[in-house]
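Architecture at a glance
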There are 4 protein chains.
Amino acid sequence: MRKRKVCVVVASRANYGRVKSLLQAIRDRPDLELQLIVGASALLYRFGNVIEVIRKDGFEPNATVYLVIEGENPTTMAKSTGLAIVELATIFENLKPDVVLTVADRYETMATAIASSYMNIPLAHTQGGDLTGSIDERVRHAISKLANLHFPATHKSRELLIKMGESPHAIWVTGCPSIDVISCIDLSLDSVMQKYGGTGAPLDWNRPYLLVLQHPVTTEFGDGLRQIEETIQAIHALKMQTVWLWPNVDAGSDDIAKGIRLYREHQKPDFVHFYRNFSVEDYARILNNTVCIVGNSSSGLREGAYFGTPCVNIGSRQDGRERGNNVMDVDHNANQIGAAICKQMSHGRYPQNTLFGDGTSGKKIAEILATAPLSIHKRLHF
Amino acid sequence: MRKRKVCVVVASRANYGRVKSLLQAIRDRPDLELQLIVGASALLYRFGNVIEVIRKDGFEPNATVYLVIEGENPTTMAKSTGLAIVELATIFENLKPDVVLTVADRYETMATAIASSYMNIPLAHTQGGDLTGSIDERVRHAISKLANLHFPATHKSRELLIKMGESPHAIWVTGCPSIDVISCIDLSLDSVMQKYGGTGAPLDWNRPYLLVLQHPVTTEFGDGLRQIEETIQAIHALKMQTVWLWPNVDAGSDDIAKGIRLYREHQKPDFVHFYRNFSVEDYARILNNTVCIVGNSSSGLREGAYFGTPCVNIGSRQDGRERGNNVMDVDHNANQIGAAICKQMSHGRYPQNTLFGDGTSGKKIAEILATAPLSIHKRLHF
Amino acid sequence: MRKRKVCVVVASRANYGRVKSLLQAIRDRPDLELQLIVGASALLYRFGNVIEVIRKDGFEPNATVYLVIEGENPTTMAKSTGLAIVELATIFENLKPDVVLTVADRYETMATAIASSYMNIPLAHTQGGDLTGSIDERVRHAISKLANLHFPATHKSRELLIKMGESPHAIWVTGCPSIDVISCIDLSLDSVMQKYGGTGAPLDWNRPYLLVLQHPVTTEFGDGLRQIEETIQAIHALKMQTVWLWPNVDAGSDDIAKGIRLYREHQKPDFVHFYRNFSVEDYARILNNTVCIVGNSSSGLREGAYFGTPCVNIGSRQDGRERGNNVMDVDHNANQIGAAICKQMSHGRYPQNTLFGDGTSGKKIAEILATAPLSIHKRLHF
Amino acid sequence: MRKRKVCVVVASRANYGRVKSLLQAIRDRPDLELQLIVGASALLYRFGNVIEVIRKDGFEPNATVYLVIEGENPTTMAKSTGLAIVELATIFENLKPDVVLTVADRYETMATAIASSYMNIPLAHTQGGDLTGSIDERVRHAISKLANLHFPATHKSRELLIKMGESPHAIWVTGCPSIDVISCIDLSLDSVMQKYGGTGAPLDWNRPYLLVLQHPVTTEFGDGLRQIEETIQAIHALKMQTVWLWPNVDAGSDDIAKGIRLYREHQKPDFVHFYRNFSVEDYARILNNTVCIVGNSSSGLREGAYFGTPCVNIGSRQDGRERGNNVMDVDHNANQIGAAICKQMSHGRYPQNTLFGDGTSGKKIAEILATAPLSIHKRLHF
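What counts and how
Residues numbered from 1 in each chain as written. Chains lettered and ligands numbered in written order. Predicted model: local features only at pLDDT ≥ 70, side-chain atom pairs only at ≥ 80, totals over all residues. Helix = DSSP H or I, 4+ residues; strand = E, 2+ residues; numbered from the N terminus. Rg over C-alpha atoms; globule rule 2.2 N^0.38 Å. Buried ≥ 20, exposed ≤ 12 C-beta atoms within 10 Å, placed from the backbone. Least-squares fit on C-alpha atoms with pLDDT ≥ 70 in both. Contact = placed C-beta atoms within 7 Å. Nonpolar A, V, L, I, M, F, W, Y, C, P; charged D, E, K, R; others polar. pLDDT = per-residue confidence, 0-100. Domains from an automatic or database assignment. Pairing = 2+ DSSP bridges. Axes fitted to C-alpha atoms, helices over the stretch in contact; angles between N-to-C directions. Right-handed = clockwise from strand over helix to strand, strands pointing away. Expected span 1.5 Å × (residues − 1). Arc of directions from axis to C-beta. Parallel < 35°, antiparallel > 145°, perpendicular 65-115°, else oblique. Left-handed = near helix turned anticlockwise from the far one by under 90°.

From N to C terminus, chain A includes 15 helices and 13 strands. Its C-alpha radius of gyration of 20 Å places chain A within 12% of the 21 Å reference for a compact globule of 382 residues. Principal axes of the C-alpha set define a box for chain A whose edges measure 60 × 40 × 40 Å. Considering chain A as a whole, with its 382 residues, one finds that 63% of them fall into the buried category.

Put into structure tokens, the structure is as follows:
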């Protein structure tokens, strides 16, 4: 029997977390062949050298490819997308996959979708149908319009895909593979405690800590510095020990980074510990054990729901995304942020919610990729 | 008063025909400034040097840009899209338009949409909501998901956009500017008769003639040679004088071109006249006066409806597109094609149908571009 | 023992002819591993689908890559160079060659040289030190400045490399592998006679025929149409049966092609047979048996010397290149061209001259690639 | 009279310093029109936002263009070169310069040279004929082979260009415009003292200070961390107040940056002040007043000669470059470095040396660009 060749493009640390269990499931099936492309920020030191994590996990990429045009602004985001299409097309031409899988809504996701669509390679897409803010949402829906197989995380997302005209027969609610990763590991902090250096004051993992992760909102480019300063003010007022992660590489991340740098240099807060990156597993441990996650990362809503981690979600970046009752939404306003953190700390942990997956998504998706009919033809379904 | 800068990307002869009256309308308004980018096949001799036509019409481009990676197959189509994004982003960065307008559904259209979306420039799109076959349809809907202002040609297309979740407040049914061009010119063949050389036998424009225009269907890449041979067989059997246009530059056009070349070399048909290109106006004249247009060009359905030109539409390329009663649909089958042509010739001309526009689309669109609120924020409207 | 990985980039039919015996020699050595990249015009139907010839010869490329940005003018030549660098860098990154070999002086050659130089991969270069006209000469010397191992064809070229400051220890006069190919085949026309279709009148290979091959001169861009018209006039006056090859894809080839097309359409010469491409071997047979080669192809000087084929060399394209006494140089002037052809026909064949190689170049180069020290460090040697 | 259009590409802070006085001289001539393109690291915050300095100096670029593919390794250096060629070709196509000027030997310089050469635009080149280490030297000589007008800084460089076969008639010894900038400003530190923040301990500009600037050596990629650690050890031992500049963006700069970061975090040296960038003028002031410049920047040799600044030059990066007697060369060895710094401090300032320019280079070059015959044809001159 000829194996189906499934090509997956991993382009960032977030990407990898959302596809790792699927990569394992593909590799483990005798009827599938994994073709792994690693590129963009997943290759960069500045973003935590994810490629090394991938190799340590036992995956050797079929190709690596540098794709990020430096600048971290709207222009370079567009240009990086274009460069990614040029390069992925050559790689697809040489790997000749039977199906390409692309994750969520980043610019590399769009590039993957366009390259495979024009090349008549069936396109599978995870996390379609989600509602969020920013350019990501427009991009996500555009990718759904190109995709041939949809693997939304939730039933609500499936409904939305159908509403937009996607065929119900091409949609499978599988949950998100990111939940798989966190469902089968030891979630205690023991292993984390000694490992991470980071910059700033030493952390006592046995005491309560906050987790902060705030990304730029690309459609609000130019406003990032003001936004991060509100968060900084709220955190600084609390003077509680804090794990702070650097933002991803979208347009505007320079502003966020600048705000953080200025804070660090001028205020020298000895209770805040800055990190570039964690492994997927360690991030889960830290998220599971924090008293509250603060910022605009989707992990607060998604993995947070599964763990029952209290979450303070700031601004518009997650607008429209489904959420469990572990989430409190606030504006970019130091007072609101501070008050919400306090409320969440007093509430404590929420019950587990499998809204975004129950730990078997990777296997479900691999099964469908192995057995579903693959076609590039699609029609609106109204 | 500051003029709004409207940037329009023209990438092919078809593009230009569908936007020419709009370019004039933008230029004529005191509250708009036209920024014209001409690229891709519009610069190439092989596709009729459309740039010269544009300059003769009085438009001097702000930038020209070579974008077509040679190969005319799915891989190069993807790569050309990527290259176009890279280059358009740099040009947008320097022109700083207030709004970008993109036409229909070609790969340059997608490139324009992606570059402007990531660069936070409001995107206007014509011909959204159309239903057709091939990759074009997926691309067109994906672009609608990125677009901020929609200018569909028909009310049915508007309905479809709304169904897919686009806000009714962002949709204006304007008709298609391609109808404008043909609504205000002398449609007699007098001016055409002496002008065109082409290859093959001389044509007597005073006698009835067929018009053939058959493009590759990108999602049926590899089947083009067989498809064109059926058409060739049907036309060859009729032995009627025929105007035959070379196909556009999509993936697969090599196959179509090869079929035509083989036919010409082996059968040496002295009743068929081959042409690379006509001006938009002359094409309209020829379409208006032909006894039947044969092939899979959208012009048979669109401009054909306005003229009432009998049309034999072959294969899947226009599947789902609205049409008037001037159109007969047939498969890639020489017998069906031949029979349909005969039927259409015996029927003769149909009454005018303004389904796709009444001749005022360019002005309507320019008016909206000048006055509608411009924003990059959008929400699904369900 | 670890094999040295030798990466060769083949980008056109001319390229392939100049490297084919070397590819065989590399493949045949137990201490070398061949990494073959095929791209640019070698993939295009319009230029004879060289990739198919390569595969028939038993070479399966490690990667294929589309590189030609359409336009065939100075701008697209520059852009294709840039695109080639981007793509080759990614391919080199994944193939990790120990040494890269690049051939002669085309834009893909320059792209290969730049990608490998910046990537700290030792660069081997054939045909350095030749003197010719046009941009090729500047490019060739620039590549020599980047190259670490030089394989010039002649002693005079070696002298020039040393004069320019290249170290004598890094230069090996090996002759050109293109001579290898033609030195070991049956040179009779028997196998050619039935094979080729081409366009135009049927040819009687048993009777004397001319061979015409005229490329654009890129530094004289814009003058190509006039240049080819002089040649056409001379050939047309002779009314002798003629094998005419289409030009390569450099800037300006559209002009040459246009001139040929116009000639064919208007004069319909029944004694001229046009061809897109021959296999390397068949081209050698045709060159060996022609009464005279006319145009500006280097094959008239190089392979022509080995065969003793009379050659009329037109214009500046080969200025400065070494030549045997089989060559007569003329201007772009129909009278001069015609007179020189007559003189050459009356002289007849010249004795063999091994100036450009004796048939063992491929093996010599492979031996050096296997055994010479490889380093990226170099110093001017004065 | 039609003005000659002179296009200059500025791609980094070093670039700008070496061309600023020429930009002024071009702008001031009635017979020249300046076309300024600013791109690559000159647009990036991480490298000091040089574009803002350029605008403050009164130059408004005709085009800005993002060119740097992130990664700072040999692969991305090659890819950035390719991307630069693609983009510059489009910009040249639209600006249509009469001559392009390119500076020194960076990858953007090579990209500029290749784009203009293939586009048949005469190419002027500054700093040709210099001898240095690393890939820069090979690139510089390759550019000389492409260039039509040479503006070397020194007579020795002129001799070398002639030796390599460049025509003496195409070479003008003009000195380097970087000397112009520093020859006409107030060199006292007064204006510097309050301006710069940087990271680390406050500096007392009235007391003696060291200046450290160490770039990666691209041909020694992988060795950067070890190299910088030797320098760090030497500086740390001296415990003298020090101005330390971050390295440029070549392949390997991540390693250097990492070394510096680790040093800063672990040793927390309160006598070292880290800076991202100075204006050209302020850098000159700091160089003029330091007791010793340490590292491998060419400024120690070039501007250092003019000022008579004591210089300790480490490693191979400047190998072969001309130097005055203000320079002591040492290996990457902490002891050697420390000893040399002490020796230089005890020697004190050297007399002025105009080896690299006397302050009139910009005007001289502008005069030649305005009056010399421009041609794309060149021949080796032996």
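The next thing to look at is the relation of the copies chain A and chain B. After a rotation of 180° and a shift along the axis of 0.0 Å, chain A superposes on chain B with an RMSD of 0.0 Å. Given the turn and translation reported, the copies of this chain are related as if by a two-fold rotation axis. Both copies share a contact surface, since 100% of the interface residues of chain A are interface residues in chain B too.

Below, the discussion takes up the interface of chain C and chain B. Taken residue by residue, the interface counts 14 residues in chain C and 14 residues in chain B. Elements with a minimum of two residues in the side of chain C that touches chain B: helix H4 (74-95) and helix H11 (253-267) of chain C. With three residues, the top contributor of residues to the side of chain C that touches chain B is H4 of chain C. Looking at side-chain class alone, the side of chain C that touches chain B contains six nonpolar, four polar and four charged residues.

So, about the confidence of the model for chain A. When pLDDT is averaged along chain A, the result is 93, and 98% of the positions lie at 70 or above. Overall fold confidence (pTM) sits at 0.87, and the ipTM for the predicted complex is 0.86.

With that out of the way, let us pick up the relation of the copies chain C and chain B. The two copies are related by a screw operation: chain C maps onto chain B through 180° of rotation and 0.1 Å of translation along the axis, at an RMSD of 0.0 Å. Taken together, the interface assignments show that 100% of the residues at the interface of chain C recur at the interface of chain B, consistent with an identical surface on both copies.

Taken residue by residue, the interface counts 36 residues in chain A and 36 residues in chain B. If you list the elements that add at least two residues to the side of chain A that touches chain B, you get helix H4 (74-95), helix H5 (107-118) and helix H6 (134-146) of chain A. The biggest single contributor to the side of chain A that touches chain B is H4 of chain A, with 13 residues. Residues of the side of chain A that touches chain B, tallied by class, amount to 21 nonpolar, nine polar and six charged.

Time to look at the domain arrangement of chain A. All names here are of chain A. Assigned domains of chain A: these are domain 1 (4-183 + 359-371) and domain 2 (190-347). Distance between the C-alpha centres of domain 1 and domain 2: 26 Å. Contacts between the two partners involve 28 residues from domain 1 and, on the opposite side, 27 residues from domain 2. Of all the secondary structure elements, the ones that give two or more residues to the side of domain 1 that touches domain 2 are helix H1 (13-17), H4, H6 and helix H8 (177-183). In terms of residue class, the side of domain 1 that touches domain 2 is made up of 13 nonpolar, 10 polar and five charged.

A word on the sheet that holds strand S2 (residues 32-39) of chain D. Residue and element names in this part refer to chain D. Taking strand neighbours across the sheet as the criterion, the six strands line up as S3-S2-S1-S4-S5-S6 in an open arrangement whose pairing is parallel. Edge positions in the open sheet fall to strand S3 (63-65) and strand S6 (149-151), since each of these has one partner strand only. With direction set aside, neighbouring strand axes in the sheet form an average angle of 20°. Alignment of strand S1 (residues 4-10) against S2, held across seven bridges, turns out to be parallel. For valine 10, the partnering residue across the bridge sits in S2 and is valine 38.

With that settled, consider the pairing of strand S9 (residues 242-245) of chain B. All names here are of chain B. Burial along S9 is two-sided: the residues Thr242 and Trp244 and Val243 and Leu245 are all buried. Examined bridge by bridge, strand S8 (residues 210-213) and S9 share four bridges and lie parallel to one another. Pairing of leucine 213 across the sheet is with leucine 245, part of S9. Crossover connection from S8 via helix H10 (residues 224-238) to parallel S9: handedness right-handed. Of the strand pairs in this sheet, S9 and strand S10 (residues 272-275) are connected by four bridges, and their pairing is parallel. From the neighbouring strand, tryptophan 244 faces S10, where its bridge partner is phenylalanine 274. Each parallel crossover has a hand, and for S9 linked through helix H11 (residues 253-267) to S10 it is right-handed.

On to helix H14 (residues 334-347) of chain C. Helical periodicity: at 3.6 residues per turn, an α-helix aligns residues three or four positions apart in one direction. All names here are of chain C. An ideal rise of 1.5 Å per residue puts 20 Å on 14 residues; H14 measures up with 20 Å between its terminal C-alpha atoms. Within the span of H14, buried status applies to Ile337, Gly338, Ala340, Ile341 and Gln344. Projection of H14 onto a plane perpendicular to its axis shows the buried side chains occupying an angular sector of 165°, all on one side. Contact partners of the buried residues in H14: strand S8 (210-213), helix H10 (224-238), strand S11 (292-295), strand S12 (311-314) and strand S13 (327-330). Once H14 ends, the next one or two residues include glycine 348, with phi positive near 80°.

Take unusual backbone geometry next. Look at alanine 40 of chain B: it is not a glycine, yet its phi comes out positive at around 55°. Structurally, alanine 40 of chain B can be placed in the loop between strand S2 (32-39) and helix H3 (50-56). At lysine 239 of chain C, a position not held by glycine, the phi torsion is positive, near 50°. Within the fold, lysine 239 of chain C resides in the loop between H10 and strand S9 (242-245). What makes lysine 239 of chain C exposed here is the crowd of 11 C-beta atoms within 10 Å.

Our focus in this paragraph is the packing of helix H2 (residues 20-28) of chain C against helix H15 (residues 361-371) of chain C. Packed helices, taken two at a time, are described by the angle between their axes plus the distance between the axes. Residue and element names in this part refer to chain C. At a minimum axis separation of 8 Å, H2 and H15 run at an interaxial angle of 50°. Considering their axes alone, H2 and H15 lie oblique with respect to each other. The element H2 and its partner H15 pack so that their crossing is right-handed. Taking contact as the criterion, the partners of Ser21, Leu22, Gln24, Ala25 and Ile26 in H2 are, on H15, Ser361, Gly362, Lys363, Ile365 and Ala366. Split into classes, the residues belonging to the contact of H2 with H15 amount to five nonpolar, four polar and one charged.

It is worth spelling out the sheet that holds S2 of chain B at this point. Residue and element names in this part refer to chain B. One open sheet holds the six strands; their spatial order is S3-S2-S1-S4-S5-S6, and the pairing between them is parallel. At either margin of the open sheet sits one strand with a lone partner, and together these are strand S3 (63-65) and strand S6 (149-151). Neighbour-to-neighbour, the strand axes of the sheet open up by a mean angle of 20°, direction not taken into account. One ladder, built from four bridges, connects strand S4 (residues 99-103) with strand S5 (residues 123-126); its direction is parallel. Bridge pairing links threonine 102 to histidine 125 in S5.

What follows is about helix H2 (residues 20-28) of chain A. Burial analysis of H2 of chain A places seven of its nine residues in the buried class, which makes it a mostly covered element. The secondary structure elements touched by the buried residues of H2 of chain A are strand S1 (4-10), H1, strand S2 (32-39), H8, helix H12 (280-289) and helix H15 (361-371) of chain A.

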